[in-house]
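# Understanding the architecture of this molecule
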Number of protein chains: 2
Amino acid sequence: MVNSDYSLYLVTDRSLLQGRSLLEEVRKAVKGGVSMVQLREKEAGSREFYELAQTLQTELRELGVPLLINDRLDIALAVDADGLHLGQDDLPLPVARSLLGKEKIIGLSINKREEAREGEKMGADYLGVSPVFSTPTKADAPPATGLEFLASLRQEIKIPLVAIGGINKENLKMIKETGADGAAVISALMGASDIEGEARKLRQIWERN
Amino acid sequence: MVNSDYSLYLVTDRSLLQGRSLLEEVRKAVKGGVSMVQLREKEAGSREFYELAQTLQTELRELGVPLLINDRLDIALAVDADGLHLGQDDLPLPVARSLLGKEKIIGLSINKREEAREGEKMGADYLGVSPVFSTPTKADAPPATGLEFLASLRQEIKIPLVAIGGINKENLKMIKETGADGAAVISALMGASDIEGEARKLRQIWERN
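Residues numbered from 1 in each chain as written. Chains lettered and ligands numbered in written order. Predicted model: local features only at pLDDT ≥ 70, side-chain atom pairs only at ≥ 80, totals over all residues. Heavy atoms only, no water.

Quick look at the overall build of chain A now. Within chain A one finds nine helices and eight strands. Taken over the C-alpha trace, chain A has a radius of gyration of 16 Å; the compact-globule value for 209 residues is 17 Å, and the two agree within 12%. Projected onto its principal axes, the C-alpha coordinates of chain A cover approximately 40 × 40 × 30 Å. Counting all 209 residues of chain A, 57% fall into the buried class. Here the analysis covers contacts within chain A between residues at least 6 apart in sequence; of these, 60% occur between residues at least 24 apart. For chain A, the exposed surface amounts to about 8,800 Å²; the carbon and sulfur share of it is 48%. Computed over 27 positive and 32 negative side-chain charges, the inter-centroid distance for chain A is 3 Å. (Helix = DSSP H or I, 4+ residues; strand = E, 2+ residues; numbered from the N terminus. Rg over C-alpha atoms; globule rule 2.2 N^0.38 Å. Buried < 20%, exposed > 50% of the residue type's maximum accessible area, 1.4 Å probe, protein only. Contact = heavy atoms within 4.5 Å. Areas by Shrake-Rupley, 256 points an atom, 1.4 Å probe, with all protein chains shown as cover. Lys, Arg positive; Asp, Glu negative; His and termini not counted. Charge placed at Lys NZ, Arg CZ, Asp CG, Glu CD.)

Okay, here's the thing in structure tokens:
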């Protein structure tokens, strides 16, 4: 198994970059303290997704930070990524596991207790609790789970929990206090003009609390 | 290698079905003479694509007709499909081959002589010459190659050639006369109210010429 530090988990969104280079921004984010990266590409064609993934994987391997691919098992296999992140509407986790193997990280987005239990049972390496707060980044997102749900899930679920959805400098401390293993951020970093500085602030908040 | 009869090759398009069941229509098309099926799903999410592919693969295996998956290597792997059809903007063919193995069919869409040469060199099992006529089904399609291109390609390329794009009862005879190994149809079958009858007519034209 690759090193899996979920504490500050960046999910990419090129639509927020306003012309900035994805590779460059990811590199800066890691410099600022991001410990894991998920490449999420809902619009790209397969070739473009593959090439982006390959570029990021090369860079992140050098930096010692795992790269997970959102949804697309073929892209994860093609670039030998460190793992795959699945939503409830993506490939079934056992199918992905049988093709990707036990050495890779597989995460699963959950929004309900039942999904969390099932995800743990199916052998997910971590659960993305999503969305913990309401968020503008995913238009089709289910209702926010809230902090209490996260904290109560923590009492029951043994595998790592990563909160996602609307997380920023203001509420990160509260995420940490639930006992979650990490916080995933999209817009708080991808939309920042100084991504390294913002990542550093988030890292400091996480470490201090 | 699975049986590969490219002669009458159905490419699916659920948007043309007007409420008819994909599985039912594919079954009828095979009864009428379709020899190969490609599941093409540009809008479906991964889970939906996977479930459709699984249903079709089970059915087509029983009928002895190969199922190819358009673009998505992960879906092809997940359902153990007979093969994969790649466009120029999909995963590179050598990458797909290394993950899918030599026993599976991999086809490549080409629109230019150079792409055809490269496809043959990279080990494609067949080339989809696309679009041979101009077609309404693919909005972003490159210019029609025409019949002369297909005939001249036949002189140079050794692997099977499957023509696609705007093929119907009226022009199928001309496709056969170029020396192509097969004709792929979308709307001529998927848009037909009697898909079995239409497939039978296409099959008869192909066999007679």
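According to UniProt, the positions carrying the feature "binding site: 2-[(2R,5Z)-2-carboxy-4-methylthiazol-5(2H)-ylidene]ethyl phosphate" are A:T135, A:P136, A:T137, A:G166, A:I186 and A:S187. Looking at the secondary structure, you find A:S187 in helix α8 (residues 187-190). (UniProt positions renumbered as here; feature names shortened; annotations may be inferred.)

A separate point is the pattern of salt bridges. Pairing is possible between side chains of opposite charge, provided their charged atoms come close. Residue and element names in this part refer to chain B. Under the counting rule described, the total for this entry stands at 46 salt bridges over all chains. Between E59 and R27 there is a salt bridge, and its shortest N-O distance comes to 2.6 Å. With a gap of 32 residues between them, E59 in helix α2 (residues 46-63) and R27 in helix α1 (residues 22-32) connect regions that are remote in the sequence. Given the relative accessible area of 15%, E59 is considered buried. Linking E198 and K169 is a salt bridge whose minimum nitrogen-to-oxygen distance equals 2.7 Å. (Salt bridge = Lys/Arg side-chain N within 4 Å of Asp/Glu carboxyl O.)

Another point: the relation of the copies chain A and chain B. For the pair chain A and chain B, the superposition axis carries a translation of 0.0 Å, the fit reaches an RMSD of 0.0 Å, and the rotation angle comes to 180 degrees. Both chain copies can therefore be described as sitting about a two-fold axis. For chain A, the smallest separation between a C-alpha atom and the rotation axis is recorded for A:D74, amounting to 2.2 Å. Comparing interface residues between copies, 100% of those in chain A also sit at the interface in chain B, which points to an isologous, same-surface contact. (Least-squares fit on C-alpha atoms with pLDDT ≥ 70 in both.)

Residues and elements named next belong to chain B. Buried residues of α1: L22, E25, V26, A29, V30 and G32, and no others. Mapping the buried residues of α1 onto a view down its axis gives an arc of 160 degrees, with all of them on the same face. On the buried face of α1, the contacting elements are β1 (8-11), β2 (36-39), α2, α8 (187-190) and α9 (195-208). Measuring from the backbone nitrogen of L23 back to the side-chain oxygen at the start of α1 gives 3.4 Å, which picks out S21 as the cap. Taken from the residues just after α1, G33 is the one with a positive phi, measuring 130 degrees. (Arc of directions from axis to C-beta. Polar contact = N/O pair within 3.5 Å; in protein donor to acceptor, adjacent residues only side chain to side chain.)

Moving on, we come to the nonpolar core. Of all hydrophobic cores here, the largest spans 148 residues; its most connected members are A:I69, A:I175, B:I69 and B:I175. Aside from chain neighbours lying at most four places away, what touches A:I175 is A:V132, A:F133, A:L147, A:L150, A:A163, A:I167, A:A180, A:G182, A:A183 and A:W206. (Core = buried A, V, L, I, M, F, W, Y, C linked by side-chain atoms within 4.5 Å.)

This part is about the sheet that holds strand β3 (residues 67-70) of chain B. Strand order around the closed barrel formed by eight strands is β1-β2-β3-β4-β5-β6-β7-β8 (chain B), with parallel pairing between neighbours. Here the strands of the sheet are splayed against their neighbours by 25 degrees on average, with no regard to which way each runs. (Pairing = 2+ DSSP bridges. Axes fitted to C-alpha atoms, helices over the stretch in contact; angles between N-to-C directions.)

Residues and elements named next belong to chain A. With respect to the helices and strands, the residue T178 is situated in the loop between α7 (172-177) and β8 (182-185). Note on T178: relative accessible area 10%, which makes it buried. Here I175 takes part through its backbone oxygen, which lies 2.6 Å from a polar atom of the side chain of T178. At 3.2 Å, the side chain of T178 forms a polar contact with the backbone nitrogen of A180. In contact with T178, not counting residues within four places along its chain, are L147, L150, A151 and R154.

Moving on to helix α6 (residues 146-156) of chain A. All names here are of chain A. Listed in full, the buried residues belonging to α6 are F149, L150, L153 and R154. An end-on view of α6 places all buried positions within 140 degrees of arc, on one side of the element. Opposite the buried face of α6, by more than 90 degrees, sit the exposed residues E148 and Q155. Those residues of α6 hidden inside the fold are in contact with β5 (105-110), α5 (113-121), β6 (126-129), β7 (161-164) and α7.

Residues and elements named next belong to chain A. Overall, parallel pairing links the eight strands, which are arranged β1-β2-β3-β4-β5-β6-β7-β8 in a closed barrel. Neighbour-to-neighbour, the strand axes of the sheet open up by a mean angle of 25 degrees, direction not taken into account. Two elements, strand β2 (residues 36-39) and strand β3 (residues 67-70), share three bridges in a ladder whose sense is parallel. Residue pairing for β3: L39 is matched across the bridge by I69. Strands in contact with helix α2 (residues 46-63) are β2 and β3; relative to β3, the strand with the most contacts, it is inclined by about 165 degrees.

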